[in-house]
Amino acid sequence: WNNYPLSIEPDTLGNDSKQMQLLSNYIGLTCVKDSSAAYDVPPVSVYPNPFTGTLTVEPCNCYNYSSLSVYNQLGRIVFTKTITTNKNTINLSFLPNGIYIVVVRGTTATYTQKIIKIK
(Lines give C-alpha, C1' and ligand atoms only; values in the text may rest on other atoms or scores of the structure.)
Protein backbone atom coordinates (compact mmCIF):
# COMPACT_ATOMS: atom_id res chain seq x y z
CA TRP A 1 0.00 0.00 0.00
CA ASN A 2 2.00 2.90 -1.27
CA ASN A 3 0.88 6.50 -1.29
CA TYR A 4 1.71 8.56 -4.35
CA PRO A 5 1.12 12.29 -4.66
CA LEU A 6 -1.36 13.41 -7.29
CA SER A 7 -2.00 17.01 -8.18
CA ILE A 8 -5.08 18.15 -10.08
CA GLU A 9 -4.79 21.68 -11.33
CA PRO A 10 -7.88 23.93 -11.56
CA ASP A 11 -7.46 24.29 -15.33
CA THR A 12 -7.76 20.49 -15.65
CA LEU A 13 -11.13 20.20 -13.95
CA GLY A 14 -12.16 23.81 -13.70
CA ASN A 15 -12.94 25.16 -10.27
CA ASP A 16 -15.78 22.74 -9.60
CA SER A 17 -15.39 21.06 -6.20
CA LYS A 18 -18.13 18.53 -7.09
CA GLN A 19 -16.04 17.28 -10.01
CA MET A 20 -13.02 17.03 -7.73
CA GLN A 21 -15.04 15.09 -5.11
CA LEU A 22 -16.40 12.69 -7.75
CA LEU A 23 -12.88 12.08 -9.04
CA SER A 24 -11.54 11.53 -5.55
CA ASN A 25 -14.28 9.00 -4.78
CA TYR A 26 -13.71 7.19 -8.08
CA ILE A 27 -9.96 6.74 -7.74
CA GLY A 28 -9.87 6.46 -3.95
CA LEU A 29 -8.06 9.65 -3.03
CA THR A 30 -7.99 10.46 0.63
CA CYS A 31 -7.29 14.16 0.22
CA VAL A 32 -8.50 16.67 -2.32
CA LYS A 33 -6.92 20.09 -2.09
CA ASP A 34 -8.94 22.81 -3.73
CA SER A 35 -7.88 26.36 -4.44
CA SER A 36 -9.29 27.55 -1.11
CA ALA A 37 -7.18 25.12 0.94
CA ALA A 38 -4.15 26.71 2.55
CA TYR A 39 -2.45 23.42 3.46
CA ASP A 40 -0.59 20.89 1.39
CA VAL A 41 -0.58 18.08 3.97
CA PRO A 42 -2.87 15.09 4.33
CA PRO A 43 -5.92 16.30 6.25
CA VAL A 44 -6.13 13.27 8.54
CA SER A 45 -3.75 10.50 9.60
CA VAL A 46 -5.36 7.18 10.53
CA TYR A 47 -3.08 4.45 11.87
CA PRO A 48 -2.24 1.64 12.23
CA ASN A 49 -4.06 0.12 9.29
CA PRO A 50 -4.78 -2.74 9.57
CA PHE A 51 -5.41 -2.46 13.31
CA THR A 52 -6.17 -4.96 16.07
CA GLY A 53 -8.08 -2.89 18.62
CA THR A 54 -6.89 0.66 19.04
CA LEU A 55 -6.89 3.18 16.22
CA THR A 56 -5.34 6.65 16.23
CA VAL A 57 -6.92 9.46 14.23
CA GLU A 58 -4.98 12.71 13.88
CA PRO A 59 -6.80 15.45 11.98
CA CYS A 60 -4.99 18.62 10.97
CA ASN A 61 -6.44 21.98 11.95
CA CYS A 62 -6.97 23.07 8.36
CA TYR A 63 -10.62 21.97 7.98
CA ASN A 64 -11.95 22.36 11.55
CA TYR A 65 -12.80 18.68 11.93
CA SER A 66 -15.36 18.13 14.66
CA SER A 67 -16.72 14.58 14.46
CA LEU A 68 -15.49 11.08 13.76
CA SER A 69 -17.67 8.12 12.79
CA VAL A 70 -16.91 4.52 11.90
CA TYR A 71 -19.27 2.66 9.55
CA ASN A 72 -19.53 -1.06 8.89
CA GLN A 73 -19.96 -2.54 5.41
CA LEU A 74 -23.74 -2.25 5.71
CA GLY A 75 -23.43 1.51 6.17
CA ARG A 76 -24.38 1.45 9.84
CA ILE A 77 -22.57 3.64 12.34
CA VAL A 78 -20.70 1.42 14.80
CA PHE A 79 -18.79 4.19 16.57
CA THR A 80 -19.04 7.97 16.83
CA LYS A 81 -17.07 10.59 18.70
CA THR A 82 -16.76 14.36 18.91
CA ILE A 83 -13.22 15.43 18.07
CA THR A 84 -11.73 17.80 20.60
CA THR A 85 -7.99 17.22 20.13
CA ASN A 86 -5.53 16.76 17.28
CA LYS A 87 -4.76 13.19 18.40
CA ASN A 88 -7.66 10.84 19.08
CA THR A 89 -7.06 7.27 20.21
CA ILE A 90 -10.17 5.16 19.94
CA ASN A 91 -10.80 1.65 21.21
CA LEU A 92 -12.50 -0.44 18.53
CA SER A 93 -11.60 -3.82 20.01
CA PHE A 94 -15.32 -4.62 20.35
CA LEU A 95 -15.69 -4.76 16.55
CA PRO A 96 -15.45 -8.08 14.71
CA ASN A 97 -12.73 -8.48 12.10
CA GLY A 98 -13.61 -6.80 8.83
CA ILE A 99 -13.51 -3.70 6.68
CA TYR A 100 -14.82 -0.39 8.00
CA ILE A 101 -14.94 3.22 6.85
CA VAL A 102 -13.70 6.10 9.02
CA VAL A 103 -15.46 9.40 8.29
CA VAL A 104 -14.09 12.60 9.79
CA ARG A 105 -16.33 15.62 9.26
CA GLY A 106 -15.49 19.29 9.52
CA THR A 107 -17.04 22.59 8.63
CA THR A 108 -15.52 22.68 5.14
CA ALA A 109 -14.46 19.11 4.39
CA THR A 110 -15.20 15.44 4.93
CA TYR A 111 -12.42 12.85 5.00
CA THR A 112 -13.03 9.13 4.48
CA GLN A 113 -10.68 6.17 4.72
CA LYS A 114 -11.08 2.42 4.61
CA ILE A 115 -9.68 0.60 7.64
CA ILE A 116 -9.25 -3.11 8.29
CA LYS A 117 -9.74 -4.75 11.70
CA ILE A 118 -7.76 -7.94 12.30
CA LYS A 119 -7.01 -10.01 15.41
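Residues numbered from 1 in each chain as written. Predicted model: local features only at pLDDT ≥ 70, side-chain atom pairs only at ≥ 80, totals over all residues. Heavy atoms only, no water.

The next thing to look at is the sheet that holds strand S1 (residues 44–47). Within the open sheet, the 3 strands sit side by side as S1-S2-S5. Their pairing is antiparallel. Bordering the open sheet on either side are S1 and strand S5 (88–91), each of which pairs with just one other strand. Neighbour-to-neighbour, the strand axes of the sheet open up by a mean angle of 20°, direction not taken into account. Where S1 and strand S2 (residues 54–59) come together, 4 bridges link them in antiparallel fashion. Residue Val 44 lies in a different strand from S2, and its bridge partner there is Pro 59. (Pairing = 2+ DSSP bridges. Helix = DSSP H or I, 4+ residues; strand = E, 2+ residues; numbered from the N terminus. Axes fitted to C-alpha atoms, helices over the stretch in contact; angles between N-to-C directions.)

For the rest of this paragraph, the subject is the environment of Ile 99. Structurally, Ile 99 can be placed in strand S6 (residues 98–106). Here the alpha-carbon distance between Ile 99 and Ile 116, two residues 17 residues apart in the chain, equals 4.6 Å. For Ile 99, the contacting residues outside a window of four places in its chain are Asn 72, Gln 73, Lys 114, Ile 115 and Ile 116. (Contact = heavy atoms within 4.5 Å.)

Now for the confidence of the model for the protein. Residue-level pLDDT values for the protein average 76, and 65% of them are 70 or greater. Segment residues 1–8 is flagged for pLDDT under 50; beyond a separation of four residues in sequence, or across chains, it makes 7 contacts in the model. Low pLDDT, under 50, characterises residues 10–39; the predicted model gives this stretch 25 contacts beyond four residues in sequence or across chains. (pLDDT = per-residue confidence, 0-100.)

Moving on: the side chain of Ser 69. The topology assignment puts Ser 69 in strand S3 (residues 65–71). Judged by its relative accessible area of 5%, Ser 69 is buried. At a separation of 3.5 Å, a polar atom in the side chain of Ser 69 contacts the side chain of Thr 80. In contact with Ser 69, not counting residues within four places along its chain, are Phe 79, Thr 80, Ile 101, Val 102, Val 103 and Arg 105. (Buried < 20%, exposed > 50% of the residue type's maximum accessible area, 1.4 Å probe, protein only. Polar contact = N/O pair within 3.5 Å; in protein donor to acceptor, adjacent residues only side chain to side chain.)

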